[in-house]
Number of protein chains: 2
Amino acid sequence: MKHIADSTVRRLSVYLRYLEEHAARGGVTTSSEDLAHYAGTTSAQVRKDLSFFGSFGTRGLGYSVAELTAKLEDILGLGREWKVVIVGAGKIGSALSTYRGFAQRGFRVIAVYDNDPRKIGSRWDDQVVRPIADLEDDTARDRPDIAVLAIPADDVQPEVDRIVRAGISAILNFAPAQVQVPAGVTLKNVNMAMELEGLSYALRNRDD
Amino acid sequence: MKHIADSTVRRLSVYLRYLEEHAARGGVTTSSEDLAHYAGTTSAQVRKDLSFFGSFGTRGLGYSVAELTAKLEDILGLGREWKVVIVGAGKIGSALSTYRGFAQRGFRVIAVYDNDPRKIGSRWDDQVVRPIADLEDDTARDRPDIAVLAIPADDVQPEVDRIVRAGISAILNFAPAQVQVPAGVTLKNVNMAMELEGLSYALRNRDD
DNA sequence: GCTAACTTGTGAAGGATTTCACAAGCTCGG
DNA sequence: CCGAGCTTGTGAAATCCTTCACAAGTTAGC
């Protein structure tokens, strides 16, 4: 299949959230116009995004909420369960696991690691925090799909290398540090500092 | 000034982080090639990004780390202090405030709000958690620049409306919900669920 | 002072993404 | 069964962003 832009995939997530909310309100059908309004884009954009994957609507009528939900879940790979490990038993990891829809969307936390002896062994939600040294053996056994990296900014790269070496090929990095991964490993960064700086830039340049 | 792409501003943040790390290692000069390698882009991109704001390098030599750092800080609006309020005294807000470089980059938390009576009044870092009802009066008095919204996904919009009404015009939203803001208000969303779904999509479509 | 070696800054080209605009297809009412 | 009214799906156009390629400016060595 043709390469799909990152921006398109992100919007699909937003559309899916709208569909869920709309269904919860009892909505049975929707339109590209509704979806666009919710997502802050245009109806043409919505239709173009969907058109990369097929045609899911009915001309004149719109989209069936149930059908489009199913299609988007399939496209986004949410039809199955993904095993997630969290590296770094801090506040962010904890916040992540309590996010509504995290587990419900098929992301199951199967292990939490830390290198702080004071944290290791403590209960943490329904997990016991394990020493980071266990990562390799655990990964060989349990084959997690995704690693969430939620440790302080220092020495992030060694941990990434360890995760990659262990055989996990998708990483969500919350540390405000740039890391390198080999080809074949998918990396996403969530960087609060960068977002704040984006706001700072916007405020600074308000009058243009 | 001509409109600057969001992607450009984000990269400027990355360049700035490299400069800080490089300076800490004793680096005095750098090049577009170095910056590009760190940021995972190309040297042409780096030079183009910078060229929107001026010419800060010396042909044949590269960039002075100190000079370019100062320029980027100025461009990003980090030359001054921004007053930040955090709405939602949960784990994310707490994690945010302990991020290194948060305070140091000029983002000062001046208040924390929550609507949970059990949290109100409790100490939280060096702040006392205040009732959300105080937001309007506090804002009129203290004139914060940025609101960080770190509350659960339900009922985010009313809180956004309240923040906007109070007169804050930059919002960083951590709730996994789409919110609407009027023109003139800058909104950034950080959405962990969306990032995970992006990874899910990548994993699902690995063999293409 | 001249040449070789570098690296920036930037128009122009290329590629990617968004927007436009409209034909195609569906439903409903009469 | 037909026409009016909608809304989708999609080529084409427009816009935006990245990459290319090279002139221009700088330093260092001789």
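Shown above is the structure to which this text applies.
Scope of this entry: the structure provided in the associated data block. Within any chain, residue numbers begin from 1 and follow the written order of that chain's sequence. To read the labels, note that chains go from A and ligands from 1, taken in the order they are written. In view of the model being predicted, local features appear only for residues whose pLDDT reaches at least 70, and side-chain atom pairs are presented and counted only at 80 or more, with totals across whole chains, interfaces and linings using the full set of residues. Heavy atoms throughout the structure, all of them, feed into the side-chain values; hydrogens and water do not.

### Thoughts on the relation of the copies chain A and chain B
- Overlaying chain A on chain B yields an RMSD of 0.1 Å, the required transformation being a rotation through 180° with an accompanying axial translation of 0.0 Å. In short, the pair behaves as if placed about a two-fold rotation axis. Closest approach to the rotation axis among the C-alpha atoms of chain A is made by Lys91(A), whose C-alpha sits 2.7 Å away.
- The contact criterion used throughout is that any non-hydrogen atoms of two residues lie within 4.5 Å. Mapped onto chain B, 100% of the interface residues of chain A are again interface residues, and the two copies thus contact each other with one and the same surface. The copies are overlaid by a least-squares fit using only the C-alpha atoms of residues whose pLDDT is at least 70 in both copies.

### Points about the pattern of salt bridges
All names here are of chain A.
- Salt-bridge detection follows one rule: a side-chain nitrogen of Lys or Arg within 4 Å of a carboxyl oxygen of Asp or Glu. Considering all chains together, one arrives at 32 salt bridges over all chains under this definition.
- We note a salt bridge from aspartate 138 to arginine 141, for which the minimum N-O separation is 3.2 Å. With aspartate 138 and arginine 141 both in helix α6 (residues 135–142) and 3 residues apart, this pair spans about one turn of that helix.
- Given the relative accessible area of 7%, aspartate 138 is considered buried.
- Residue exposure (1.4 Å probe, protein chains only): buried if accessible area is under 20% of the type maximum, exposed if over 50%, otherwise partly exposed. Relative accessible area serves as the criterion here: at 54%, arginine 141 is assigned to the exposed category. Numbering of helices and strands runs from the N terminus; a helix is a DSSP stretch of H or I covering at least four residues, while a strand is a stretch of E covering at least two.

### Examining the protein's contact with DNA strand C
- Surveying the vicinity of DNA strand C reveals 26 residues, the closest of which are Arg11(A), Ser32(B), Arg47(B), Gly57(B) and Arg59(B).
- For the purposes of these results, a polar contact is taken to be a pair of N or O atoms within 3.5 Å, where, inside protein, one atom must be able to donate a hydrogen and its partner to accept one; residues adjacent in sequence count only when each atom of the pair is a side-chain atom. Lys48(B) is positioned with one of its side-chain polar atoms (N or O) 3.4 Å from a base nitrogen of DNA strand C.
- Taking Tyr63(B), its side chain carries an N or O atom lying 2.9 Å from a phosphate oxygen of DNA strand C.
- Going through the elements one at a time, α1 (6–24) and α3 (43–51) of chain A together with α3 (43–51) of chain B are the ones with two or more residues in the surface near DNA strand C.
- Looking at the surface near DNA strand C element by element, the count peaks at 4 residues for α3(A).
- The residue inventory of the surface near DNA strand C, partitioned by class, reads 6 nonpolar, 13 polar and 7 charged. Being near a molecule or strand, for a residue, means having at least one of its heavy atoms within 4 Å of it. Throughout this entry, Asp, Glu, Lys and Arg are counted as charged residues, while Ala, Val, Leu, Ile, Met, Phe, Trp, Tyr, Cys and Pro are counted as nonpolar. The remaining residues, Gly among them, count as polar.

### Re the environment of Glu33(A)
All names here are of chain A.
- Relative to the elements of secondary structure, glutamate 33 occurs in helix α2 (residues 32–39).
- Exposure remark for glutamate 33: the relative accessible area of 49% places this residue in the partly exposed category.
- Residues glutamate 33 and glycine 62, spaced 29 residues apart in sequence, show a C-alpha to C-alpha distance of 9.2 Å.

That is the geometry; function is a separate question.
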